Amino acid sequence: MLLLVLGALLLLFCNLDVWYFLRGAQVFFEAWFQPRIGDILAVQSVDGVVLTHDLDYLGHMNNSRYLRECDFARFHHYMRNGLFMASRKLGAKMVVGASTIRYRRSLAFREAFEIQTKVLGWDEKAFYLEQRFVSKKDGFVSAVMLCRQNVVHSSPERIIEFICKKKLECPEFPEELKHWISFISASSQALRAESGLEDKNK
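Residues numbered from 1 in each chain as written. Predicted model: local features only at pLDDT ≥ 70, side-chain atom pairs only at ≥ 80, totals over all residues. Heavy atoms only, no water.

Draft legend 1. Quick peek at the environment of leucine 4. For leucine 4, the position within the fold is in helix α1 (residues 2-15). Linking leucine 4 and asparagine 150, residues 146 residues apart in sequence, is a C-alpha distance of 42 Å. (Helix = DSSP H or I, 4+ residues; strand = E, 2+ residues; numbered from the N terminus.)

Take a look at the structure:
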């Protein structure tokens with residue numbers, strides 16, 4: 001019986017990223033029992049520390065780990081400001097449409113940091129967020145990520161109105177976000193032209 005259980009666990013861990021789902025459940029329950037944050041535009045922070053499973057060959061936090069930590073920080077953010085539950089009630093889904101991360105200084109083993117997540121604005125299809133990795137050693141911004149969170153089967157304005165019971169005016173986009181959105185649009189047009197989709201739509 002013990003061998004069957006161990007075999008099942010081995011099969012499970014070989015075929016699923018079990019730790020990812022366990023961490024997601026942890027974030028869900030932690031955020032569920034924390035106070036709601038009524039301001040959708042407020043900066044929220046989550047703490048972290050670089051552990052052995054985060055390291056690359058140079059002893060720094062692995063590049064891909066930053067993106068994974070950003071996933072959990074966004075989920076925590078959406079849970080506390082109501083975006084997650086509102087989208088569920090409206091039958092909507094939020095999926096990452098684009099992300100760009102800039103590494104400014106590596107995070108070392110056992111270095112404590114916080115991820116600061118903020119909604120910068122939205123358009124008719126997506127929310128735009130900024131996430132910063134801030135070292136607790138000296139407050140240096142070690143990395144910064146921009147994320148486009150696409151809304152499927154609804155719209156950002158509808159979700160916000162559902163939460164706030166009123167319409168909110170979108171803040172003016174920062175210059176770097178405007179340039180990034182232009183890059184996404186240009187890249188999309190180039191790929192559509194490359195695949196012949198532009199000709200088919202004429």
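After that view of the structure, there is still more to cover.
Draft legend 2. Structural view of the pattern of salt bridges. Per the counting criterion, the structure on display carries nine salt bridges. With a shortest N-O distance of 2.8 Å, aspartate 54 and arginine 65 are connected by a salt bridge. Linking aspartate 54 in the loop between β1 (44-49) and α3 (63-81) with arginine 65 in helix α3, this pair joins segments that are eleven residues apart in sequence. Residue aspartate 54 shares its accessibility class with arginine 65, and that shared class is buried. Across the salt bridge formed by arginine 132 and glutamate 130, the nearest N and O atoms sit 3.0 Å from each other. In this structure glutamate 130 comes out as buried when scored by relative accessible area, which is 12%. One network of salt bridges, with partners in common, ties together Glu172, Glu175 and Lys178. (Salt bridge = Lys/Arg side-chain N within 4 Å of Asp/Glu carboxyl O. Buried < 20%, exposed > 50% of the residue type's maximum accessible area, 1.4 Å probe, protein only.)

Draft legend 3. How the structure looks around the packing of helix α2 (residues 18-32) against α3. At a minimum axis separation of 9 Å, α2 and α3 run at an interaxial angle of 30°. Our classification of the angle between α2 and α3 gives roughly parallel. Both α2 and α3 take part in a crossing whose hand is right-handed. Counted together, Trp19, Tyr20, Arg23, Gly24, Val27, Phe28, Ala31 and Trp32 of α2 and Arg68, Glu69, Asp71, Phe72, Phe75, His76, Met79 and Arg80 of α3 form the full contact between these two elements. Within the contact of α2 with α3, the residues separate by chemical class into nine nonpolar, two polar and five charged. (Axes fitted to C-alpha atoms, helices over the stretch in contact; angles between N-to-C directions. Parallel < 35°, antiparallel > 145°, perpendicular 65-115°, else oblique. Left-handed = near helix turned anticlockwise from the far one by under 90°. Contact = heavy atoms within 4.5 Å. Nonpolar A, V, L, I, M, F, W, Y, C, P; charged D, E, K, R; others polar.)

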